[in-house]
Amino acid sequence: MEVSEIMKRYIAFLRGVNISGKNKIPMAELKKGFEEIGFAEVKTYLNSGNVIFSSEEDDLGRFTNRIETMIKRQFGLDIPVFVISKEALEDILCNAPDWWGNENKETYDNLIFIMPPATFADVFTEIGEPKEELEKIKDYKEAVFWSFSRKDYQKTNWWPKTASANISSRLTIRTVNTVRKIVGM
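To start, this report covers the structure provided alongside it. (Residues numbered from 1 in each chain as written. Predicted model: local features only at pLDDT ≥ 70, side-chain atom pairs only at ≥ 80, totals over all residues. Heavy atoms only, no water.)

**Here we look at the packing of aromatic side chains**
We count it as follows: Two aromatic rings from Phe, Tyr or Trp, using only the six-membered ring of Trp, form a pair when their centres are within 6.5 Å; if the ring planes differ by under 30 degrees the pair is stacked, by over 60 it is edge-to-face, and anything between is tilted. Numbering goes from the N terminus for both helices and strands, where a helix is a DSSP run of H or I of at least four residues and a strand is a run of E of at least two. The rule is simple: take the accessible area with a 1.4 Å probe, protein chains only, and divide by the maximum for that residue type; under 20% is buried, over 50% is exposed, in between is partly exposed.
As enumerated under the stated definition, the model contains 17 aromatic pairs in all. When the ring of Phe 34 is compared with that of Phe 53, the centres are 5.5 Å apart and the planes differ by 55°; the resulting orientation is tilted. Placement of Phe 34 in helix α1 (residues 27-36) and of Phe 53 in strand β3 (residues 50-55) is noted, with a sequence separation of 19 residues between them. Where Phe 120 meets Phe 124, the ring centres are 5.7 Å apart and the plane angle is 40°; that geometry is what we call tilted. Taken together, the residues Phe 120 and Phe 124, both in helix α4 (residues 120-127) and four residues apart, mark about one turn of the helix. By relative accessible area, which is 19% here, Phe 120 ends up buried.

This is the structure in structure tokens:
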């Protein structure tokens, strides 16, 4: 497939793949699946379902449906997928709060992506306030910057709930380093 000037870069974050032996998806097969449904310049990063690809289309909803359908067909798994343009992800990173993603080794910095139709208000209503002194959050567009104490993460409010609350199926989380690496790819 020729890559033309009108191609745009996108990132698909798959939720909950290859974690503790669950939802196994080999990245080489996933890459092939993306190519078979018409995406170009497909790359994967790490084993946790991060796919960078190009398309002439610009319909995130359609991309999400196509990708989720392909995963269901090819791997027999219902995997929620969050798709974002590279520009939108760069914009999110440019709007990070000062306390997020710096060199502080005491904290762990994550970016939470909220899958439509869920919103930050829905997430906040269900999870609640971050625990002062232990964690900080700041929402921006469809993402939440979240930093928490490495040593006291079990005591935070958000750590257990991002995995177990009803809303957790509408969230996918990546570390600051993963997100920065993907934007640079």
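**Side note on the nonpolar core**
Heads up, the condition is: What is meant by a nonpolar core is a set of buried Ala, Val, Leu, Ile, Met, Phe, Trp, Tyr and Cys residues, joined one to another through side-chain atoms within 4.5 Å. Whether two residues are in contact is decided by their heavy atoms, any of which lying within 4.5 Å being enough.
Core analysis: the largest hydrophobic core is formed by 22 residues, its most contacted members being Leu 14, Ile 25, Leu 30, Phe 34, Phe 53, Ile 67 and Ile 71. Secondary structure elements with two or more residues in this core: β1 (8-14), α1, β3, α2 (60-75) and β4 (81-85). With sequence-adjacent residues up to four places away left out, Leu 14 is seen in contact with Ile 25, Leu 30, Ser 48, Gly 49, Val 51, Ile 71, Ile 79, Pro 80, Val 81, Thr 172 and Arg 174. Membership of the second largest hydrophobic core comes to 20 residues, among which are Ile 11, Phe 82, Trp 100 and Val 179.

**Considerations on the side chain of Ser 54**
Let me state the cut-off plainly: In the analysis that follows, any N or O atom pair within 3.5 Å is treated as a polar contact, provided that within protein one partner can donate a hydrogen and the other can accept it, and provided that, for residues neighboring in sequence, both atoms belong to side chains.
Within the element layout of this structure, Ser 54 appears in strand β3. On the accessibility criterion, Ser 54 (1% relative accessible area) is buried. Within polar-contact distance, the side chain of Ser 54 engages the side chain of Arg 9 at 2.8 Å. Only 2.4 Å separates the side chain of Ser 54 from the side chain of Glu 41, close enough to count as a polar contact. If we skip the residues at most four places from it in the chain, Ser 54 touches Met 7, Lys 8, Arg 9, Phe 39, Ala 40 and Glu 41.

**Here we look at the sheet that holds β4**
Note the cut-off: Two strands form a pair only when DSSP identifies at least two bridges running between them. Every angle, taken between N-to-C directions, lies between 0 and 180 degrees, and every axis is a line fitted to C-alpha atoms, over only the stretch in contact when it is a helix.
The strand order across the open sheet formed by four strands is β2-β3-β1-β4, and the pairing between neighbours is antiparallel. The sheet is open, and its two edges are formed by β2 (40-45) and β4, each paired on a single side. Pairwise comparison of adjacent strand axes, ignoring direction, gives a mean angle of 20° for this sheet. Inspection of the sheet shows β1 paired to β4 by five bridges, in the antiparallel sense. Each bridged residue has a counterpart across the sheet, and for Leu 14 the counterpart in β4 is Val 81. Each of β1, β2 and β3 is contacted by α1, which is oriented at about 155° to β2, the strand it contacts most. With respect to the sheet, helix α3 (residues 86-94) is in contact with β1 and β4, its orientation differing from that of β4 by roughly 85°.

**What to know about the sheet that holds strand β6 (residues 135-140)**
Sheet architecture is open: four strands sit in the order β6-β7-β5-β8, paired in antiparallel fashion. A strand with exactly one partner marks an edge of an open sheet, and here the two such strands are β6 and β8 (171-175). Strand-to-strand twist across the sheet, computed as the mean angle between neighbouring axes with direction ignored, equals 25°. Bridge analysis of strand β5 (residues 107-114) against β8 gives five bridges, and the strand direction is antiparallel. Bridging across to β8, Asn 110 finds its partner in Thr 175. With respect to the sheet, helix α6 (residues 176-183) is in contact with β5 and β8, its orientation differing from that of β8 by roughly 85°.

**Thoughts on unusual backbone geometry**
Put simply, Pro 116 and Pro 117 share a cis peptide bond, and its omega is 5°. Structurally, Pro 117 is set in the loop between β5 and α4. Positive phi, normally seen in glycine, also occurs at Glu 41, with a value near 50°. Relative to the elements of secondary structure, Glu 41 occurs in strand β2. A positive phi angle, near 50°, is found at Lys 141, a position not held by glycine. You can see Lys 141 is positioned in the loop between β6 and β7 (143-149).

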